[in-house]
Amino acid sequence: MKKSLARKLTACILTVAMLAGLASMPASASAPEKEYMNLAYIYGGNVENYDYSVVTHVNYSFGLIYNKEYTYAGNAKESWNTVDVNPELEHTVYVSEKAAADMDRINELKEEQNPDLKMLLSVGGWDARGFTDAAATAESRAKFAQSCKEMIDRFDLAGIDLDWEYPVNAGWGEIAGKPEDKQNFTLLLKEIRSVIGDDKLLTIAGGANDNFALAWTEFQEVYEILDFINVMTYDFHHETCYFGYGLYASQDWPTRDAVSEYNVDRVIHNYLNNGCPPEKLNIGYTTGAVNLPNALRDEASRWPILNAALRASGFSSDRTIDTNARVDKYLDGKTVEATVDDETYRVTFKKEWDARAALHTVVATIADDPDTKLFVMSYIDADGLDARANYIKRYNLGGSFFWQYGGDTNCVLTSHMAEVLGTKYDPVSKVVKSIDAIDTDNLTLEDADAVAAIRADYEALTDEQKAQITNLDKLTAAEAVLAELAKGEEPVKPADPDNSGTKSPDTGDNMPIVLPIAMIGAAIVSLLIKRRLCR
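Residues numbered from 1 in each chain as written. Predicted model: local features only at pLDDT ≥ 70, side-chain atom pairs only at ≥ 80, totals over all residues. Heavy atoms only, no water.

Asker: Explain the overall build of the protein chain here, please?
Answerer: Within the protein chain, the secondary structure is distributed over 19 helices and 13 strands. Residues classed as buried in the protein chain amount to 50% of the 535 residues present. Within the protein chain, residue pairs in contact and separated by at least 24 positions form 70% of the contacts whose partners lie at least 6 positions apart. (Helix = DSSP H or I, 4+ residues; strand = E, 2+ residues; numbered from the N terminus. Buried < 20%, exposed > 50% of the residue type's maximum accessible area, 1.4 Å probe, protein only. Contact = heavy atoms within 4.5 Å.)

Asker: Would you explain the packing of aromatic side chains in this entry?
Answerer: The geometry of an aromatic ring pair is captured by two quantities: the separation of the ring centres and the angle between the planes. This model, assessed by the stated rule, comprises 28 aromatic pairs. Both rings, one in Tyr242 and one in Phe375, keep their centres 5.0 Å apart while their planes meet at 50 degrees; by these two values the pair is tilted. Note that Tyr242 is positioned in the loop between strand S7 (228-231) and helix H9 (264-273) and Phe375 in strand S12 (residues 369-379), a separation of 133 residues in sequence. Exposure remark for Tyr242: the relative accessible area of 10% places this residue in the buried category. By relative accessible area, which is 2% here, Phe375 ends up buried. Among the aromatic side chains, those forming a connected cluster through ring pairs are Tyr166, Trp172, Phe212, Trp216, Phe219, Tyr223 and Tyr271. (Phe/Tyr/Trp six-rings, centres within 6.5 Å; stacked < 30°, edge-to-face > 60°.)

Asker: Just to check I follow, could you spell out empty space enclosed by the protein for this structure?
Answerer: Over the atoms rolls a probe the size of a water molecule, and its path tells where empty space is left. On inspection of all chains with the given rule, the structure shows 1 cavity of 30 Å³ or more. Within this model, the largest cavity holds a volume of roughly 40 Å³. Together, Cys241, Phe243, Gly246, Tyr248, Ala249, Ser250, Trp253, Thr255, Glu261, Tyr262 and Asn263 line the largest cavity. (1 Å grid on protein atoms, 1.4 Å probe; cavity = no way out; pocket = protein on both sides within 12 Å on 5 of 7 lines; lining within 4 Å. Points joined across faces, edges and corners; volume = space filled by probe spheres on them.)

Asker: What should I look at first to understand the environment of Lys466 in this one?
Answerer: Here Lys466 is to be found in helix H17 (residues 463-466). If we ignore the near neighbours within four places in the chain, the residues touching Lys466 are Tyr458, Glu459 and Leu461. Reaching out from Lys466, the side chain makes a polar contact with the side chain of Glu459 at a distance of 3.2 Å. (Polar contact = N/O pair within 3.5 Å; in protein donor to acceptor, adjacent residues only side chain to side chain.)

Asker: Would you take a moment to explain the pattern of salt bridges for this structure?
Answerer: This model, assessed by the stated rule, comprises 18 salt bridges. For the salt bridge of Lys98 with Asp102, the shortest nitrogen-to-oxygen distance reads 2.6 Å. Placement of the pair is Lys98 and Asp102 together in helix H2 (residues 97-113), with a separation of 4 residues, close to one helical turn. In this structure Lys98 comes out as partly exposed when scored by relative accessible area, which is 41%. We classify Asp102 as buried; its relative accessible area is 9%. (Salt bridge = Lys/Arg side-chain N within 4 Å of Asp/Glu carboxyl O.)

Asker: Please clarify how the pairing of strand S1 (residues 37-43) should be interpreted in this entry.
Answerer: Look at any regular strand and the pattern is simple: side chains alternate between the two faces of the sheet. With 6 of 7 residues buried, S1 is to be regarded as a mostly interior element. Strand direction decides the pairing type here: S1 and strand S13 (residues 399-403), joined by 5 bridges, are parallel. Note on S13: the bridge partner recorded for Tyr41 is Trp403. Examined bridge by bridge, S1 and strand S2 (residues 57-65) share 5 bridges and lie parallel to one another. Bridge assignment links Ala40 to a residue of S2, and that residue is Val58. (Pairing = 2+ DSSP bridges.)

Asker: Explanation requested: helix H4 (residues 138-155) in the structure shown.
Answerer: An α-helical segment advances 3.6 residues per turn. Residues three or four places apart therefore align on the same side. Spanning 18 residues, H4 covers 26 Å between terminal C-alpha atoms, matching the ideal 26 Å at 1.5 Å per step. Trailing H4 by a residue or two, Asp156 shows a phi angle of about 50 degrees, which is positive. (Expected span 1.5 Å × (residues − 1).)

Asker: Just checking my understanding: could you explain the sheet that holds strand S9 (residues 335-340) for this structure?
Answerer: Backbone-to-backbone hydrogen bonds pair the strands of a sheet. The strands run either parallel or antiparallel. Spatially, S9-S10-S11-S12 is the arrangement adopted by the 4 strands of the open sheet, whose pairing is antiparallel. In this open sheet, the two strands that pair with only one neighbour each are S9 and S12. Put simply, the sheet's adjacent strands are angled 35 degrees from each other on average, direction ignored. Two elements, strand S11 (residues 359-366) and S12, share 6 bridges in a ladder whose sense is antiparallel. Residue pairing across strands places Val362 opposite Met377, the latter belonging to S12. (Axes fitted to C-alpha atoms, helices over the stretch in contact; angles between N-to-C directions.)

Asker: I tried to follow the nonpolar core on my own but got confused; where do I start?
Answerer: Soluble globular proteins tend to pack their nonpolar side chains together in the buried interior. Membership of the largest hydrophobic core comes to 104 residues, with the highest contact counts inside it found for Phe144, Leu162 and Ile229. Excluding residues that lie within four positions of it along the chain, Phe144 makes contacts with Ile65, His91, Val93, Val123, Phe131, Ala134, Leu162, Leu188 and Ile192. Core analysis: the second largest hydrophobic core is formed by 25 residues, Trp303, Ile305, Phe315 and Val327 among them. (Core = buried A, V, L, I, M, F, W, Y, C linked by side-chain atoms within 4.5 Å.)

Asker: Can you help me understand helix H14 (residues 412-421) in this one?
Answerer: Buried within H14 are the following residues: Leu413, Thr414, His416, Met417, Ala418 and Leu421. Packed against the buried residues of H14 are S1, strand S8 (281-286), helix H13 (382-394) and S13.

Asker: Is there a simple way to think about the side chain of Thr56 in this case?
Answerer: Mapped onto the secondary structure, Thr56 falls in the loop between S1 and S2. Within polar-contact distance, the side chain of Thr56 engages the backbone nitrogen of Asn38 at 2.9 Å. One polar contact links Thr56 to His57, side chain to side chain, over a distance of 2.7 Å. Not counting residues within four places of it along the chain, the set of residues in contact with Thr56 comprises Tyr36, Met37, Asn38, Leu39, Asp116, Leu117, Lys118 and Thr423.

Asker: Honestly, the packing of helix H15 (residues 427-436) against helix H16 (residues 448-459) in this entry has me stumped. Any pointers?
Answerer: Helices that pack against each other are described as a pair by the angle of their axes relative to one another and the distance between those axes. Taken N-terminus to C-terminus, the directions of H15 and H16 make an angle of 155 degrees; their axes are 10 Å apart at the nearest point. Considering the angle they form, H15 stands roughly antiparallel to H16. Two packed elements cross with a definite hand, and for H15 against H16 that hand is left-handed. Contacts from Lys430, Val431, Ser434 and Ile435 of H15 reach H16 at Ile454, Asp457 and Tyr458. When its residues are assigned to classes, the contact of H15 with H16 shows 4 nonpolar, 1 polar and 2 charged. (Parallel < 35°, antiparallel > 145°, perpendicular 65-115°, else oblique. Left-handed = near helix turned anticlockwise from the far one by under 90°. Nonpolar A, V, L, I, M, F, W, Y, C, P; charged D, E, K, R; others polar.)

Asker: How do you make sense of the environment of Asp104 when you look at a structure like this?
Answerer: Relative to the elements of secondary structure, Asp104 occurs in helix H2. Sequence spacing of Asp104 and Phe155 is 51 residues, and the spatial spacing of their C-alpha atoms is 6.6 Å.

Asker: Help me out: how do you make sense of the side chain of Lys280 in this one?
Answerer: Checked against the element boundaries, Lys280 lands in the loop between H9 and S8. Of the buried charged residues, Lys280 lacks a salt bridge, with Glu224 as the closest side chain of opposite charge at 4.9 Å. In terms of polar contacts, Lys280 uses its side chain to reach the backbone carbonyl oxygen of Leu226, at 2.8 Å. (Lys, Arg positive; Asp, Glu negative; His and termini not counted.)

Read these as spatial facts, not as claims about activity.
Structure, rendered in structure tokens:
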């Protein structure tokens, strides 16, 4: 009987304590808003043309590897980065004069447009040689890693991105490779991490093929070393899949050969199912180019007609507007006459939306066979980006990236993705969020530099922007606390440092909520005791 009473009393007391604790929590307490990545690969082009305020990261492409792979590659095709090198430079990273000038200029533009922008050098690329030898021995790995560090220091980079396509697989014979690449890739990443440190980013471009996580890499070790992975969820249209980067498998245009069925969801879940944390995954798409699938080109009797009609429409030659605008202007609802082998055909184009692939398509009919609808192309626009942003948020992924900035006419796609993911650089929002993040109650002198940086960001604002900062009192209060700590004095607790309207416990504002709950709990405990004593 006594044990039963004790249990009831204990339960009541714990309940009262929990309710009182909940009631005393600040009303403004909430989880911080997730910050997504919107990463751009830059490959050539004029770096002056890009808007750096709408991206969080830039991967400049490419750094290459001094190598002698071409001397023994055998059946591997000649690569575009075969150079004669002396032994001292072999296995190290180099960049062209243009790449060096571009990165210097991006650093200048970054200060003007987006001081928070993180620039990485992407090393490798499709058909890029030198990886298998650079990763092969402890000595070669050390040389490669040290050269990565030198690139970071030279161009004030946020980190290094490796685009080895692919360990073991060797680009399906385009470059050299060997089975030991699987283990050597891990060792190479570990060496780079040890040399550049944890404060610099180390990332990779990850393959869409299932085997990237299953066979070509020690994936569970690899993702632990990396900050994030840019998963190349595109270029699926080279076999019998109609869509270059469908979000899910299309029902209207199913892949002809099941083994060729790839889509964003399948690829991402292969990474997730093999243990990678979702926040380390960015999904990719390509800009500018439309996807004309091999499945279409295999239509030997129809492809020449459709190709001629596309050219006759004017669609292929106009690069002054983005893809969706070109489709609307030249193709959707338009009938074009195309001549092939002295015979003229009337081709009618129509724009459609594939809900599963989450991409716009262009289909066509030819007058001599109006009942047969032919797939022409797929492409991404704002609607497709919205679907991918929702997917990113649904699975708590890191964000998105795209290949490449030069293909995004007038920065239409990049700007839209920045809008839906909230990645556009806003100096006012940055200051407000930074001030909100200050834990005034637990400041130490180690926080002085961070608080000073927030003050510097505030002072850099225009008068109009400063007027939008509604929580400045919290920054001022934090500075006062730090000043007292520097004097060795006990800081005076600010009354309302965050301007949230939630008062400190000693003001008594929480008492009307806490006391009634505590009183009710005490009454319940008292009643239980009386009932037990009266029995």
